[in-house]
Amino acid sequence: MLKYLLAKEEDIPQGSAAIFFGVSSICWFIIGTGLGSFNASKLAFPDFFHNVYWLQFGHMRQVHVHAVIFGWIAMAFAMSMLYITPALGNTKLWSEKLAVWNCLLYNVGLCLALALLWSGMTSGREYSDHIWPIDLYIAFVMVVPWSLNVWMTILNRRTQGIYTTNWFFAASMFMLIIIFLIGNLPEFFHLTGLNEAYMTWWFAHNVLGLLITPVAAAITYYIVPKVTGNPLYSHRVGHLHFWAIVVFYSTPAAHHLMSSPLPEWLKSFASVEGVLILVPAIAYICNIMLTMQGKWTMFVTNIELKFALTGVFLAIPLNMQGGFQQTRAINWYIHGTGWIVAHAHLALLGFSTFAEASAVYYGMQVLLRRKLYSYSLANFHFFMLLIGFSLYWISMTIAGLIQGAAKIYEVPYLDVVIAEHPYMIVRWLGGTMVFLGNITWLWNMYMTARVGTVVPVGRLPHELAYER
Amino acid sequence: MAFREYKIGCIMFGIALSTSMFVTIFLPGLDISRIGSTEEALKKQLTYGWESAFNYYDPFLLGKDKPIKVVLTKDPETGKPIDKTEAYVFTAGTHFPDGLTHDNIMGTKQLALSKSKGLLAQATEKRGGVFLVDVDVTTGVPYVEFATATKGWQVAATLKAADVRIHAGSGKTMFIREGCWWCHTLLPEETQDWQSFGRPPVTGDFNGESPTSFGSDRKGPDLLHVGSRNSSREWMTMHFFNPRLVQPHSIMPRFNYLWGKADINGKVIDRQKWDRDFMAYARGDTPYPPAVPIPARNSEARYIIDFVLNLK
């Protein structure tokens with residue numbers, strides 16, 4: 001990687017930056033889920049390593065969150081965008097060199113950001129925990145060069161139209177920058193009080209809704225037609241999905257604070273808009289499912305589709321929960337309980353991780369021109385992820401329902417903690433399975449790069465048979 | 001630049017996103033900013049100071065640049081007995097909370113009273129001073145009184161005359177840094193928490209507070225009024241040192257490292273030995289658990305315990 005930093009643009013092989021981003025994302029996924037597993041162990045057995053100041057739960061919890069969001073999810077997005085955008089524009093990446101620098105500075109910045117968070121230097125705001133100098137670094141050094149590459153590649157495309165995936169990529173990067181800068185205004189200008197609290201959740205909601213959800217969906221809009229060979233079922237439904245995301249997903253931020261003293265009109269408005277999230281969700285899920293017509297056997301036989309479609313299937317409960325759990329009728333019961341933790345993992349570890357994993361699996365094979373080393377290992381990874389996630393999701397949902405019931409009957413809180421203990425152990429087990437599965441993934445990718453069968457020119461990796 | 005055919009889409013996108021932000025940021029911002037400070041908000045600001053998370057004056061979150069809350073039973077100036085009074089001491093150079101420096105945060109009525117009856121205009125960060133929170137008897141409007149101007153209470157004299165010094169401002173920094181808010185909310189819910197966790201806050205309760213750190217996920221009880229439910233400093237001290245001492249099934253981490261090197265008497269704290277003694281107690285070898293050291297006056301443990309006990 002380092003030798004490309006000072007090389008001439010034309011001397012850098014196309015796709016180098018995407019490979020670096022891909023490898024980084026897998027490494028960060030291992031780190032992030034490892035931290036998650038360790039944190040979960042502390043919730044089950046709080047005296048684990050209790051004398052080590054650096055391993056305190058309160059210091060590590062946010063490092064886990066940001067390692068998976070900025071390390072795994074965002075870098076997998078960057079990897080996907082850097083190879084899908086040029087492919088769909090029938091062109092090459094606008095600047096490979098910028099992308100290589102982008103990847104290096106992204107990793108350096110993320111290490112620094114996580115080290116500061118770990119040491120306790122925080123802005124005290126959930127999801128925007130980074131201190132404001134790091135926020136500026138993230139916006140201008142990590143995200144702007146990445147976005148420039150995406151936008152300029154789309155502008156320099158050699159196709160007449162822009163495919164669905166690329167609208168989502170371009171628009172999401174634009175919205176991400178706007179949200180990042182506006183959402184962090186309380187830190188830049190020291191806004192205080194309820195405005196600060198509301199802006200914190202405005203940021204948290206929109207960064208998930210306008211970056212992670214649409215980009216993960218956009219990835220499946222590429223992978224599913226590409227691998228099955230079927231054209232996307234409907235461009236028009238894609239339009240509906242896109243515009244509904246922009247309008248309905250950018251407005252319900254206040255539903256995260258339904259029991260706080262925000263203006264009542266705002267909570268009602270957010271709640272209604274929150275239910276309307278079902279519009280883009282249903283449009284998207286139908287579009288992908290219908291694209292699969294006649295090719296459903298590939299869901300079983302093809303590892304990329306197995307990941308991508310599992311992600312889409314998980315988007316169904318995700319959006320059903322998301323649409324309804326924020327209404328007043330339901331929110332009071334599950335607010336602030338493990339249910340929400342389960343829901344957050346359904347979005348990030350369920351839907352989006354499975355979609356990204358498919359893009360990284362597929363992209364690494366395309367970029368390295370090598371067939372995946374082992375289908376069995378990839379299946380093992382898939383089921384470790386799926387079973388680990390399911391254990392996590394089910395146990396935390398049950399724990400959340402226990403907490404909700406305890407709210408009604410005014411059970412002393414310590415009894416809730418005791419009742420949740422078995423579920424905390426299952427949560428740890430699930431998280432550890434995800435972590436271990438990811439290690440096999442890294443090994444599989446390493447072996448693919450080393451000894452995977454070379455994909456002949458003019459063929460695509462999924463057309464070749466697996467050898468292991 | 002083959003962008004022409006997407007011109008309409010780009011314009012529509014701009015309109016949609018701007019409208020969305022107008023409705024979800026600008027309008028709520030106007031509505032929230034219209035509400036003046038409550039008495040609670042004034043007290044919180046004067047207790048917690050300017051900023052409790054990362055900032056230029058306390059980048060490592062050590063609890064610097066914070067006011068000290070004191071409880072007085074005699075007048076610091078004259079020495080005469082007075083009713084029990086809570087005062088907020090800003091040593092010279094301590095930064096004022098936004099509510100004292102930004103007119104719209106305090107609220108129109110509150111600000112007018114603070115200026116006319118409280119002589120707030122005379123307060124400067126450079127010189128510091130002592131503040132009180134009063135409520136106007138006729139209108140019920142809360143306001144800030146700058147006691148250094150109205151009563152001649154000086155910083156040093158007030159600290160000396162104080163019965164108790166409460167480092168709740170520094171404690172809130174610890175609350176943020178140690179991530180207490182990942183498991184404990186500061187927001188009893190409006191629907192069903194009245195009985196267990198007390199009165200939910202109202203809109204004006206947060207003016208000038210930064211960060212508000214409501215928390216979003218409960219792995220432990222809500223703490224907004226915890227000092228009213230349990231006001232025992234001994235219990236809190238034991239609980240922070242090792243929660244399993246007083247709550248055998250608690251999953252809270254131990255915060256014994258906040259004690260620093262030595263206790264209040266300067267005696268070095270041997271955590272390894274304490275653990276061995278505790279394990280002996282847990283096994284049933286000894287009838288009593290080892291004693292928990294009393295935190296030193298300027299220890300981080302003292303700060304966080306003060307903060308929690310001050311959550312009335």
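Residues numbered from 1 in each chain as written. Chains lettered and ligands numbered in written order. Predicted model: local features only at pLDDT ≥ 70, side-chain atom pairs only at ≥ 80, totals over all residues. Heavy atoms only, no water.

Attention now moves to the overall build of chain A. Assigned secondary structure in chain A consists of 17 helices and zero strands. A compact globule built from 468 residues should have a C-alpha radius of gyration of about 23 Å, and chain A, at 22 Å, falls within 12% of that. With the C-alpha coordinates of chain A rotated into their principal frame, the extents come out at 65 × 50 × 45 Å. The buried share among the 468 residues of chain A stands at 65%. A separation threshold of at least 6 residues defines the contact pool for chain A, and within that pool the share at least 24 residues apart is 83%. Entry remark: accessible area of chain A is about 15700 Å², with carbon and sulfur atoms responsible for 73%. Computed over 23 positive and 19 negative side-chain charges, the inter-centroid distance for chain A is 13 Å. (Helix = DSSP H or I, 4+ residues; strand = E, 2+ residues; numbered from the N terminus. Rg over C-alpha atoms; globule rule 2.2 N^0.38 Å. Buried < 20%, exposed > 50% of the residue type's maximum accessible area, 1.4 Å probe, protein only. Contact = heavy atoms within 4.5 Å. Areas by Shrake-Rupley, 256 points an atom, 1.4 Å probe, with all protein chains shown as cover. Lys, Arg positive; Asp, Glu negative; His and termini not counted. Charge placed at Lys NZ, Arg CZ, Asp CG, Glu CD.)

With that settled, the discussion passes to the nonpolar core. One finds F77(A), Y83(A), Y106(A), W146(A), Y284(A) and W441(A) to be the most contacted residues of the largest nonpolar core, which totals 196 residues. Ranked by residues supplied to this core, first place goes to helix α8 (residues 193–228) of chain A with 22 residues. A domain-level breakdown of this core finds at least three residues from each of domain 1 (39–170) and domain 2 (172–309) of chain B. When near neighbours in sequence (up to four residues on either side) are disregarded, W441(A) contacts I26(A), F29(A), W72(A), A357(A), V360(A), Y361(A) and H381(A). Core analysis: the second largest hydrophobic core is formed by 14 residues, L42(B), F90(B), F96(B) and M106(B) among them. (Core = buried A, V, L, I, M, F, W, Y, C linked by side-chain atoms within 4.5 Å. Domains from an automatic or database assignment.)

Right, let's get into the sheet that holds strand β4 (residues 142–146) of chain B. All names here are of chain B. Strand order in the open sheet made by the five strands is β4-β3-β2-β1-β5, with antiparallel pairing throughout. The open sheet has two edge strands with one neighbour each: β4 and β5 (164–166). Averaged over neighbouring strand pairs, the angle between their axes works out to 30° when direction is ignored. Pairing of strand β1 (residues 68–74) with strand β2 (residues 81–90) involves six bridges; the strand directions are antiparallel. Of the residues in β2, the one forming a bridge with V71 is E86. Relative to strand β3 (residues 129–135), helix α2 (residues 39–48) is tilted by about 165°, and along the sheet it contacts β1, β2, β3 and β4. (Pairing = 2+ DSSP bridges. Axes fitted to C-alpha atoms, helices over the stretch in contact; angles between N-to-C directions.)

Residue and element names in this part refer to chain B. Each domain of chain B was delimited in the assignment, giving domain 1 (39–170) and domain 2 (172–309). A C-alpha centroid distance of 26 Å is found between domain 1 and domain 2. Contact with domain 1, which involves 24 residues of that partner, is made by 20 residues of domain 2. Between domain 1 and domain 2, the buried area comes to about 1800 Å², and carbon and sulfur atoms account for 52% of it. Summed over the three residues of domain 1 that lose the most area to domain 2, namely S52, H167 and S170, the buried surface amounts to 27% of that side. Seen at the junction of domain 1 and domain 2, the total is one salt bridge. Where E209 meets K44, a salt bridge forms, and the shortest distance between an N and an O atom there is 2.9 Å. (Buried area = accessible area lost by both parts, 1.4 Å probe. Salt bridge = Lys/Arg side-chain N within 4 Å of Asp/Glu carboxyl O.)

With that settled, the discussion passes to the interface of chain B and chain A. The parts lose accessible area when they come together, and the size of an interface is often stated as this lost area. Counting from both sides, the interface comprises 77 residues of chain B and, opposite them, 76 residues of chain A. Summing both partners gives a buried area of about 6600 Å² for chain B against chain A, and 64% of it is carried by carbon and sulfur. Interface area lost by chain B to chain A is led by F13(B), F54(B) and W182(B), which between them contribute 11%. Along the contact surface separating chain B from chain A lie four salt bridges.

We now examine unusual backbone geometry. Cis peptide bonds are those with omega within 30 degrees of zero, and the linkage from S210(B) to P211(B) qualifies with -10°. One can find P211(B) in the loop between α9 (194–197) and α10 (226–229). Positive phi values are uncommon outside glycine, yet R369(A) reaches one of about 55°. A relative accessible area of 28% means that R369(A) is categorised as partly exposed.

The side chains of a regular strand alternate, first on one face of the sheet and then on the other. Residues and elements named next belong to chain B. For β1, the tally of buried residues reaches five of seven residues, placing the bulk of the element in the interior. The hairpin formed by β1 and β2 contains six residues between the paired strands, and G79 there has a positive phi angle of roughly 85°. Relative to β5, β1 is paired through three bridges, and the arrangement is antiparallel. Bridge pairing in β5 places V70 opposite R165.

Let's shift gears to the side chain of D275(B). Tracing the chain through its elements places D275(B) in helix α12 (residues 271–283). Looking at D275(B), the relative accessible area reads 14%, which means it is buried. Leave out the neighbours within four places in its chain, and D275(B) touches H50(A), N51(A) and R254(B).

On to the packing of aromatic side chains, then. Going through the model one piece at a time under the given rule, you end up with 52 aromatic pairs over all chains. Seen in terms of ring centroids, F29(A) and W72(A) are 4.2 Å apart; in terms of plane orientation they differ by 5°. Their pairing is stacked. Pair noted here: F29(A) is in helix α2 (residues 16–44) and W72(A) is in helix α3 (residues 57–89), with a separation of 43 residues, a long-range link. Given the relative accessible area of 1%, F29(A) is considered buried. With a centroid separation of 5.7 Å and an interplanar angle of 45°, the aromatic rings of Y48(B) and F307(B) are classed as tilted. One end of the pair, Y48(B), is in helix α2; the other, F307(B), is in helix α13 (residues 300–309), and 259 residues separate them in sequence. The exposure class of Y48(B) is buried, given its relative accessible area of 7%. The buried category is assigned to F307(B), whose relative accessible area is 0%. An aromatic cluster is present here, built from W151(A), W167(A), F168(A), F174(A), Y221(A), F242(A), W243(A), Y284(A), F351(A) and F13(B) joined pairwise through their rings. (Phe/Tyr/Trp six-rings, centres within 6.5 Å; stacked < 30°, edge-to-face > 60°.)

The next thing to look at is the environment of T192(A). Mapping T192(A) onto the fold places it in the loop between α7 (185–188) and α8. The spacing of T192(A) and V150(A) is 42 residues in sequence and 35 Å in space, taken between C-alpha atoms. Excluding residues within four positions of it along the chain, T192(A) makes contact with D98(B), I105(B), G208(B), E209(B) and S210(B).

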